[in-house]
Amino acid sequence: MNARPDDTGRVDASAASVPDVTSSAPAGISRRTFVEAAGAAAGMLALGGAVSVFGPDAALLRPPGGGDEARFLSLCTKCDRCRSVCPTRVIAPCTLEDGFLAARTPKMNFKLGECAFCGKCTEVCPTGALAPYATEEITFDGDTYLSPDLALGLAIVNESRCLAWVDASGCTICSQKCPYGAISLDSNSRPVVDAGKCNGCGICEYICPSSQWRSYLGGSERGIEVKTLDEAEAEAR
């Protein structure tokens, strides 16, 4: 509503027109999330826009059932229940560097642990942002694992970091520990990922020793890392 002067000619500032920023919220994004992002964006623009305003700077690996990013962002309330209940502690909160809409939403950090597909995060999600999925039991090395009907991402070998690729060290730990048989060795005993079997559980990235053995290179990259399916497809081109 536009403010109008009263009988004295004064204008009531409280009645001044205020634009409805929620009317321009991107499709699939809740008004609450959009307003939070808009307010934070205004502050960051004053600082020169140091981080991404709306979208994430890079593709994010979401917990199981959160693969549809638009749907996930529209439903996630940043309640933190999924992270709190995760038994392997692989779920971490996004930061401002991941984008304002993503900030404080959950993402997978396979440097902290691997996903066991236990389903606890989807069970406690109050809005259905993490959709239920089916699993079946498999046996590996005498232990029982759950194989899901979805993929969180795809493991990609970083040939410039992988010990077996760089100096033929004989490291084969990722192929030995993958319970889904998604990692084999080529004729030179170097790891090769089968995209048809990998579900992005992250155990290979979690146990990869390259960041310790080659710490002099700096950074946190490992010899094998899980990427989103879109990232993996782009790298394969």
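Residues numbered from 1 in each chain as written. Predicted model: local features only at pLDDT ≥ 70, side-chain atom pairs only at ≥ 80, totals over all residues. Heavy atoms only, no water.

Draft legend 1. Focus on the side chain of Arg222. Here Arg222 shows up in the loop between helix H8 (210–213) and strand S8 (224–227). Among buried charged residues, Arg222 stands out as having no salt bridge; its nearest opposite-charge side chain is Glu205, 5.7 Å away. Within polar-contact distance, the side chain of Arg222 engages the backbone oxygen of Glu205 at 2.9 Å. Only 3.0 Å separates the side chain of Arg222 from the backbone oxygen of Tyr206, close enough to count as a polar contact. Contact partners of Arg222, with chain neighbours within four places excluded, come to Lys111, Asn158, Arg161, Glu205, Tyr206, Cys208, Ser210, Ser211 and Gln212. (Helix = DSSP H or I, 4+ residues; strand = E, 2+ residues; numbered from the N terminus. Buried < 20%, exposed > 50% of the residue type's maximum accessible area, 1.4 Å probe, protein only. Lys, Arg positive; Asp, Glu negative; His and termini not counted. Salt bridge = Lys/Arg side-chain N within 4 Å of Asp/Glu carboxyl O. Polar contact = N/O pair within 3.5 Å; in protein donor to acceptor, adjacent residues only side chain to side chain. Contact = heavy atoms within 4.5 Å.)

Draft legend 2. Quick look at the state of the cysteines. Per the counting criterion, the structure on display carries 0 disulfides. Take Cys115: it sits in no disulfide, and the sulfur closest to it among the cysteines is that of Cys121, at 6.5 Å. Cysteine Cys204 remains unbridged, with the sulfur of Cys201 as its closest cysteine sulfur at 6.2 Å. What makes Cys204 buried here is its relative accessible area of 6%. (Disulfide = S-S within 2.5 Å.)

Draft legend 3. Representation of unusual backbone geometry. Non-glycine residue Asp80 carries a positive phi angle of around 75°. Structurally, Asp80 can be placed in the loop between helix H2 (69–75) and helix H3 (81–85). Notably, Asp141 is not glycine yet its phi reads approximately 55°, a positive angle.

Draft legend 4. Seen up close, the pattern of salt bridges. By the definition in use, this model includes 7 salt bridges. In this structure, Asp98 engages Lys107 in a salt bridge whose closest nitrogen and oxygen atoms are separated by 3.1 Å. A salt bridge links Lys227 to Glu225; its shortest N-O distance comes to 3.6 Å. Accessibility expressed as a relative area gives 10% for Glu225, which makes it buried. Here the salt bridges share partners, and the residues they tie into one network are Lys111, Glu205, Glu225 and Lys227.

Draft legend 5. Representation of the pairing of strand S4 (residues 143–148) in the model. Inspection of the sheet shows strand S3 (residues 135–140) paired to S4 by 6 bridges, in the antiparallel sense. Bridge pairing in S4 places Glu137 opposite Leu146. Taken together, S3 and the strand that follows it, S4, pair antiparallel across an intervening segment of 2 residues, in which Asp141 is found at a positive phi of about 55°. (Pairing = 2+ DSSP bridges.)

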